Amino acid sequence: MKYDTLNSFLTFLERVAPGTYETSMGYPSTITSNMFGFYDWYMASGIYKIFMNNAGDPFSDDGYLISTLSLERKTIEFFAPFYGISKDEAWGLVTSSGTDGNNHGIYFGARVLQSQTGMQPIVYVSKESHYSNRRLCDLQNLEVRLVECDPMGRMLPEALRSAIYPERPALVIFSMGSTFKGAIDDQVALNRVLEEVKPLGVYRHVDAALFGGYLPFTPYNYLVDRTTLGFDSIAVSGHKFFGLDSPCGMFITTKQVLAVQKAYKVDYLDGEMPMINCSRSALNPLKYYWVVENVGEEGFRQQAGKVLSFSNYLVEALKKIGWPVWKNEFSNTVFIRRPSEATVNKYNLARGYDEAFGGPLAHVVVMQGMKIELIDEFVAALRDELVQ
């Protein structure tokens, strides 16, 4: 019968999802969507009947006419100042994922360095950065050097100094929240190394998938401020802190970086297209700007404060029962000695392994939808394991 396969999937979801949603703690997503109001508006407006495609540059008047390019531009212009890039200086786009944002950062950075030096750069990234950065360098046929980290996952300045080949331009990817330990690379110390070694050219891209969401709305916003750190571009996820219900993100850079890109003249779009993708989602910018209007700066500040407060609460609660626990400063990622398989599965924890911390590990990512009651329940489960 029609829709049998789709209905079977719904049956599976109804059986599996409720328990998983209620107790999932291991991944940086909201799990349960808060986009109900968006879909109410979306259906009532009738926009769902229209095919839209963001094929074009959101910062020009060119491109596919039936699109949300204007809202895509407004989204970038709203967020850019929180990263130290003025509205007038900013250029960017809403991406399909954090990886898409990093792909643009690497691609744009390589073009900048090639225009300055006539040479392909070497990419330097920490060993604990997201694996996709290595994949993207392979995709773009760029040489990559993995830089050693300290035990907490932060790129070591002296290791960067040893890794840099000064006769080639350097494209450095800073991790603003490494995947498992939530480590933040010290851009000030790493920039000092770059200034001392003086490679042929330098481009700095920040992979800030999760932390780039909440840090701008905390007292620690200087950690993502281009005016003091000097990075050239940044990638941030939309489906993590900002709570969109499907993968997406932002790539934000400057018009100065844009100016040296190879923008292809595309006749059928009547304009020059500097981005990698042609057809892009028109729905994601619509969702992004809906979140901006419904949550706003003050709402993001409240949510960011909750994330950090609850992260500290979890750490202190685990310390009280004697369970091994670690957390980087400014991080909402708490990693622990891995509990039983049953507990890992019940709370959908992400697994890791590091001999420096005793071997098998797991982590909790504290998001704004998490409740104190769930944290208390989780700590109680670990306490019970200690006495068994």
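Here is a short report on the structure shown in this document. (Residues numbered from 1 in each chain as written. Predicted model: local features only at pLDDT ≥ 70, side-chain atom pairs only at ≥ 80, totals over all residues. Heavy atoms only, no water.)

## Comments concerning the overall build of the protein chain
Next, step 1: Helix and strand content of the protein chain: 13 helices and 13 strands.
Next, step 2: Taken over C-alpha atoms, the radius of gyration comes to 22 Å for the protein chain, in line with the 21 Å a tight globule of 388 residues would show.
Next, step 3: Based on the C-alpha atoms only, the size of the protein chain along its principal axes is roughly 65 × 60 × 40 Å.
Next, step 4: Sequence-distant contacts in the protein chain: of pairs separated by 6 or more residues, those separated by 24 or more amount to 71%.
Next, step 5: Only carbon and sulfur atoms are counted for the fraction: they give 53% of the accessible area of the protein chain, which is about 17700 Å². (Helix = DSSP H or I, 4+ residues; strand = E, 2+ residues; numbered from the N terminus. Rg over C-alpha atoms; globule rule 2.2 N^0.38 Å. Contact = heavy atoms within 4.5 Å. Areas by Shrake-Rupley, 256 points an atom, 1.4 Å probe, with all protein chains shown as cover.)

## Some words on the sheet that holds strand E7 (residues 249-254)
Next, step 1: Pairing is mixed in the open sheet, where seven strands are placed in the order E1-E7-E6-E5-E4-E2-E3. Unpaired on one side and paired on the other, strand E1 (90-95) and strand E3 (143-147) mark the two borders of the sheet. Sheet twist, expressed as the mean angle between neighbouring strand axes with direction ignored, is 20 degrees.
Next, step 2: Bridging between strand E6 (residues 233-237) and E7 involves five bridges; their strand directions are antiparallel. The residue of E7 that forms the bridge with Ala-235 is Phe-251.
Next, step 3: Together, E1, E6 and E7 form the strand contacts of helix H11 (residues 283-321), whose direction differs from that of E1 by roughly 110 degrees. (Pairing = 2+ DSSP bridges. Axes fitted to C-alpha atoms, helices over the stretch in contact; angles between N-to-C directions.)

## Structural notes on the state of the cysteines
Next, step 1: One pass over the full model with this rule turns up zero disulfides.
Next, step 2: Take Cys-278: it sits in no disulfide, and the sulfur closest to it among the cysteines is that of Cys-248, at 19 Å.
Next, step 3: Judged by its relative accessible area of 36%, Cys-278 falls in the partly exposed class. (Disulfide = S-S within 2.5 Å. Buried < 20%, exposed > 50% of the residue type's maximum accessible area, 1.4 Å probe, protein only.)

## Observations regarding H11
Next, step 1: Under the 1.5 Å per step criterion, the end-to-end length of H11 is only 46 Å for 39 residues, more than 12% shorter than the ideal 57 Å.
Next, step 2: Gly-296 marks the point of greatest bend in H11, at about 75 degrees.
Next, step 3: Residue Gly-322 follows H11 closely and has a positive phi angle near 85 degrees. (Expected span 1.5 Å × (residues − 1). Bend = angle between axes of the 7 residues up to and from the residue.)

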